[in-house]
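Take a look at the letters that make up each chain.
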Amino acid sequence: MKLDSEQKRILRAISGSSLGFIIGYPLIMWIGGKLDSWKDALAWLGVGLVVAVVMGIFYVLGSKISKKDD
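Residues numbered from 1 in each chain as written. Predicted model: local features only at pLDDT ≥ 70, side-chain atom pairs only at ≥ 80, totals over all residues. Heavy atoms only, no water.

Peer 1: What should I look at first to understand the overall build of the protein in this one?
Peer 2: The helix and strand tally for the protein stands at two helices and zero strands. Compactness check: the protein gives a C-alpha radius of gyration of 16 Å against a globular reference of 11 Å for 70 residues, more than 25% above the reference. Contacts in the protein between residues far apart in sequence, at least 24 positions, make up 61% of those at least 6 positions apart. A total accessible area of about 5700 Å² is found for the protein, and carbon and sulfur atoms account for 67% of it. Separation between the mean location of the 9 positive side-chain charges and that of the 6 negative ones in the protein comes to 4 Å. (Helix = DSSP H or I, 4+ residues; strand = E, 2+ residues; numbered from the N terminus. Rg over C-alpha atoms; globule rule 2.2 N^0.38 Å. Contact = heavy atoms within 4.5 Å. Areas by Shrake-Rupley, 256 points an atom, 1.4 Å probe, with all protein chains shown as cover. Lys, Arg positive; Asp, Glu negative; His and termini not counted. Charge placed at Lys NZ, Arg CZ, Asp CG, Glu CD.)

Peer 1: Explain helix α2 (residues 38–62) here, please?
Peer 2: Turn by turn, an α-helix covers 3.6 residues, leaving residues three or four places apart pointing in a common direction. Helix length check: α2 (25 residues) gives 36 Å between terminal C-alpha atoms against 36 Å at 1.5 Å per residue, within 8%. Turning to α2, its buried residues are Ala41, Gly48, Ala52, Met55, Gly56 and Val60. For α2, the secondary structure elements touched by its buried residues are α1 (5–31). For α2, the N-terminal capping position is held by Ser37, with its side-chain oxygen 3.3 Å away from the main-chain nitrogen of Lys39. (Expected span 1.5 Å × (residues − 1). Buried < 20%, exposed > 50% of the residue type's maximum accessible area, 1.4 Å probe, protein only. Polar contact = N/O pair within 3.5 Å; in protein donor to acceptor, adjacent residues only side chain to side chain.)

Peer 1: I would appreciate a short explanation of the environment of Asp4 in the present structure.
Peer 2: Locating Asp4 in the fold gives a position in the segment before α1. For the pair Asp4 and Leu45, spaced 41 residues apart in the sequence, the C-alpha separation amounts to 30 Å.

Peer 1: Hey, could you run me through α1 in this one?
Peer 2: Its 27 residues place the ends of α1 39 Å apart at the C-alpha level, agreeing with the 39 Å of an ideal helix rising 1.5 Å per residue. At Ser15, α1 is deflected by roughly 40 degrees, the largest bend along its length. All of the buried residues along α1 are Gln7, Ile10, Ile14, Ser18, Ile22, Gly24, Pro26 and Met29. Here the buried face of α1 lies against α2. (Bend = angle between axes of the 7 residues up to and from the residue.)

Structural data, given as structure tokens:
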């Protein structure tokens with residue numbers, strides 16, 4: 001899939017929040033005392049990564065503007 005300039009701009013804009021999901025989930029679980037091991041931390045890191053990827057896909061697909069055939 002070729003990305004246009006608007007989709008690239010959206011990906012750059014959400015990159016910060018994606019990092020927040022990837023790092024934020026394990027951090028919040030650690031602060032909340034729900035992390036007992038590194039295995040749990042890596043599991044929450046994976047959850048954050050999945051959320052960031054899904055969010056990015058939805059934003060990019062949602063910003064796709066179909067071209068009108070004349």
